[in-house]
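As a plain string of letters, each chain reads:
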Amino acid sequence: MKNIILKEILELKNKEKYAEAIKKAVSAFKKYKDNCFNNEIYECLVKQGKRKDALKLLKKMLKYQPDDIKINKRLAYNNYVLGKYEEALKYYKIVIELEPLSSDNYLNAGSMYHSIKNYKKAYHYYYTAVRLNPKNISALNNIGILYYETRNWNQAIDIFNKVISIAKEHPEAYYHLGIIEREYKKDLELSELYLKKALRIDNDYSENYYQLAVTQYQANKNENAVENLKKCLKLNPYHTNCQTLLKKLS
């Protein structure tokens, strides 16, 4: 009988009839006390953008399954989406206890420390993630960003070059190297090359166009800069720095 109800809920979800699907799942949970129905309610709430309601439901689910790693991961992620980084961190630490050999779990906890600007702890968790998986590109990239944000330029360069040695088409590494070459090494030619590479890999990120335009502006390539600023604004019309520079060049 439960499988039949789950199938009916799935059909309602596919038709985006989320309120009806939730109603049916709530009724089924009252009868069977099975979290599989709460999972369906959770997915409907997320589809509707009701993250706070989703969190309330997840906490309710946790009472029935306190050591369920999926529930704890969802609690962590939804708190992160809502900007509740310290609350998210609490659950990511529980996830680490439940799954201590997962590199990505340490990456996620490090990201929360990074978000609250506890750089020392962020470094520790990122490096643990890399020790568990030396090819965890996201963790390596985040270490590079930490070095970049704390103006440890040479360390940042080393890390981003390591990222590129593992993943040759990693746009963020080229992006940050491009800015470092411009701001720290004052090498506009190499900065432009790196930023063009980032743009070739990811031409949907407005900041790639803006940073390339800044380099070109400093190199007195104003026509190229204007062209890239306009492309930046097509992707992000509210990019204030881009608007300011374009006005200056116009």
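Residues numbered from 1 in each chain as written. Predicted model: local features only at pLDDT ≥ 70, side-chain atom pairs only at ≥ 80, totals over all residues. Heavy atoms only, no water.

Undergrad: Would you explain the pattern of salt bridges in this entry?
TA: Once their charged atoms are close, side chains differing in charge can pair, the charge on each being opposite to the other. Within the structure shown, the criterion is met by twelve salt bridges. Here Asp34 and Lys2 are joined by a salt bridge, their closest N and O atoms 2.9 Å apart. Taken together, the residues span a long stretch of sequence, with Asp34 in the loop between helix H2 (18-32) and helix H3 (35-47) and Lys2 in helix H1 (residues 2-14) at a distance of 32 residues. Measuring nitrogen to oxygen at the nearest pair gives 3.3 Å for the salt bridge that ties Lys197 to Glu169. (Salt bridge = Lys/Arg side-chain N within 4 Å of Asp/Glu carboxyl O. Helix = DSSP H or I, 4+ residues; strand = E, 2+ residues; numbered from the N terminus.)

Undergrad: Help me understand the packing of H3 against helix H5 (residues 69-81), please; the structure alone is not making it clear to me.
TA: Each pair of packed helices gets described by two things: the angle between the helix axes and the distance between those axes. Between H3 and H5, the shortest axis-to-axis distance is 13 Å and the interhelical angle comes to 20 degrees. Here H5 runs roughly parallel to H3, going by the angle between their axes. Here H3 and H5 pass one another in a crossing that is left-handed. Of the residues in H5, those in contact with Asn35, Asn39, Tyr42, Glu43 and Val46 of H3 are Ile71, Arg74 and Asn78. Of the residues assigned to the contact of H3 with H5, the class counts are three nonpolar, three polar and two charged. (Axes fitted to C-alpha atoms, helices over the stretch in contact; angles between N-to-C directions. Parallel < 35°, antiparallel > 145°, perpendicular 65-115°, else oblique. Left-handed = near helix turned anticlockwise from the far one by under 90°. Contact = heavy atoms within 4.5 Å. Nonpolar A, V, L, I, M, F, W, Y, C, P; charged D, E, K, R; others polar.)

All we've got here are geometric facts, nothing functional implied.
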